[in-house]
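A look at the structure
Chain by chain, the residues:
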Amino acid sequence: MARLGRLVGRGRALEILLGGDDMPAAVAAEYGYVNRVVPDDEIEDFTDAFARRIASFEKVAVSGIKRLVDVATLPEDQEFAAGLQAYFATAGRPENKPFAELLFSKGLQQPDGIELDLGTAIGTLRASAGHQQ
């Protein structure tokens, strides 16, 4: 999570993590959260051309570049562990089970389900079901 703060800044990291909303592509690009925005009708051609270009480069150079970028940008293992521990400390609480079941009944982890606007849906469901904590 510290890396997110360095990536987009503290204020935006709090907005992303605490707000829980999806963000429009243009905002994600503005925040530096995505590399670029590609229109839907161009995504397959763009992705294919980009992958083929990388595949045409010398394999040793590509793997070397990836290793260098990993060293400079990937969090230490203990940073992942702390985030995962925080997630399970919250998500695994028994009092969250009924709400998790409600989310699944509303289409969680289903194509075109509630996850298309999960942050808003969670806020709405918590408010309407009296699950405010």
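This text gives an overview of the structure that appears in the document. (Residues numbered from 1 in each chain as written. Predicted model: local features only at pLDDT ≥ 70, side-chain atom pairs only at ≥ 80, totals over all residues. Heavy atoms only, no water.)

Our next topic: the overall build of the chain. Scanning the chain from N- to C-terminus turns up eight helices and zero strands. What you see in the chain, going N to C, is helices and strands ordered as α-α-α-α-α-α-α-α. Over its C-alpha atoms the chain spans a radius of gyration of 19 Å, topping by over 25% the 14 Å that the globule rule assigns to 133 residues. Overall, the chain is about 55 × 40 × 25 Å in size when its C-alpha atoms are taken along their principal axes. For the chain, the residues scored as buried account for 15% of the 133 residues in total. Of the contacts formed within the chain by residues at least 6 apart in sequence, a portion of 41% connects residues at least 24 apart. Entry remark: accessible area of the chain is about 10400 Å², with carbon and sulfur atoms responsible for 59%. (Helix = DSSP H or I, 4+ residues; strand = E, 2+ residues; numbered from the N terminus. Rg over C-alpha atoms; globule rule 2.2 N^0.38 Å. Buried < 20%, exposed > 50% of the residue type's maximum accessible area, 1.4 Å probe, protein only. Contact = heavy atoms within 4.5 Å. Areas by Shrake-Rupley, 256 points an atom, 1.4 Å probe, with all protein chains shown as cover.)

A few words now on the packing of aromatic side chains. Counted according to the given criterion, the structure contains two aromatic pairs. Measuring from ring centre to ring centre gives 6.0 Å for Phe 46 and Phe 50, while their planes differ by 10 degrees; the resulting arrangement is stacked. Of this pair, Phe 46 and Phe 50 both sit in helix α4 (residues 43–56), separated by four residues, roughly a single helical turn. Look at Phe 46 and you get partly exposed, because its relative accessible area is 30%. Assessed through its relative accessible area of 46%, Phe 50 is described here as partly exposed. Their ring planes at 65 degrees and their centres at 5.2 Å tell us that Tyr 87 and Phe 88 sit as a pair that is edge-to-face. Against the face of Phe 99 rests Arg 126, its NZ or CZ located 3.9 Å from the ring centre. (Phe/Tyr/Trp six-rings, centres within 6.5 Å; stacked < 30°, edge-to-face > 60°. Lys NZ or Arg CZ within 6 Å of the ring centre and 35° of its normal.)

Here we come to the nonpolar core. Phe 99, Leu 103, Leu 108, Ile 114, Ala 121 and Leu 125 together form the largest nonpolar core, which totals six residues. Counting residues per element, the ones that place at least two in this core are α7 (97–105) and α8 (118–129). (Core = buried A, V, L, I, M, F, W, Y, C linked by side-chain atoms within 4.5 Å.)

In this structure, Gln 109 is a non-glycine residue whose phi angle is positive, near 65 degrees. Within the fold, Gln 109 resides in the loop between α7 and α8. Given a relative accessible area of 59%, Gln 109 falls into the exposed group. In this structure, Asp 112 is a non-glycine residue whose phi angle is positive, near 60 degrees. Along the polypeptide, Asp 112 turns up in the loop between α7 and α8. Take Asp 112: its relative accessible area is 69%, and that puts it in the exposed class.

Right, let's get into the environment of Asn 96. Within the fold, Asn 96 resides in the loop between α6 (77–91) and α7. The class for Asn 96 is buried, based on a relative accessible area of 11%.

The next subject is the pattern of salt bridges. Scanning the entire structure with this criterion turns up four salt bridges. Between Asp 48 and Arg 52 there is a salt bridge, and its shortest N-O distance comes to 2.9 Å. A residue pair is termed a helical-turn pair when its members lie 3 or 4 positions apart in one helix, as Asp 48 and Arg 52 do in helix α4 at four residues. Of the charged contacts, one joins Arg 93 and Glu 95 as a salt bridge, the two residues approaching to 2.8 Å between their closest N and O atoms. (Salt bridge = Lys/Arg side-chain N within 4 Å of Asp/Glu carboxyl O.)

Such coordinate-based values are descriptive only and should not be taken to indicate function.
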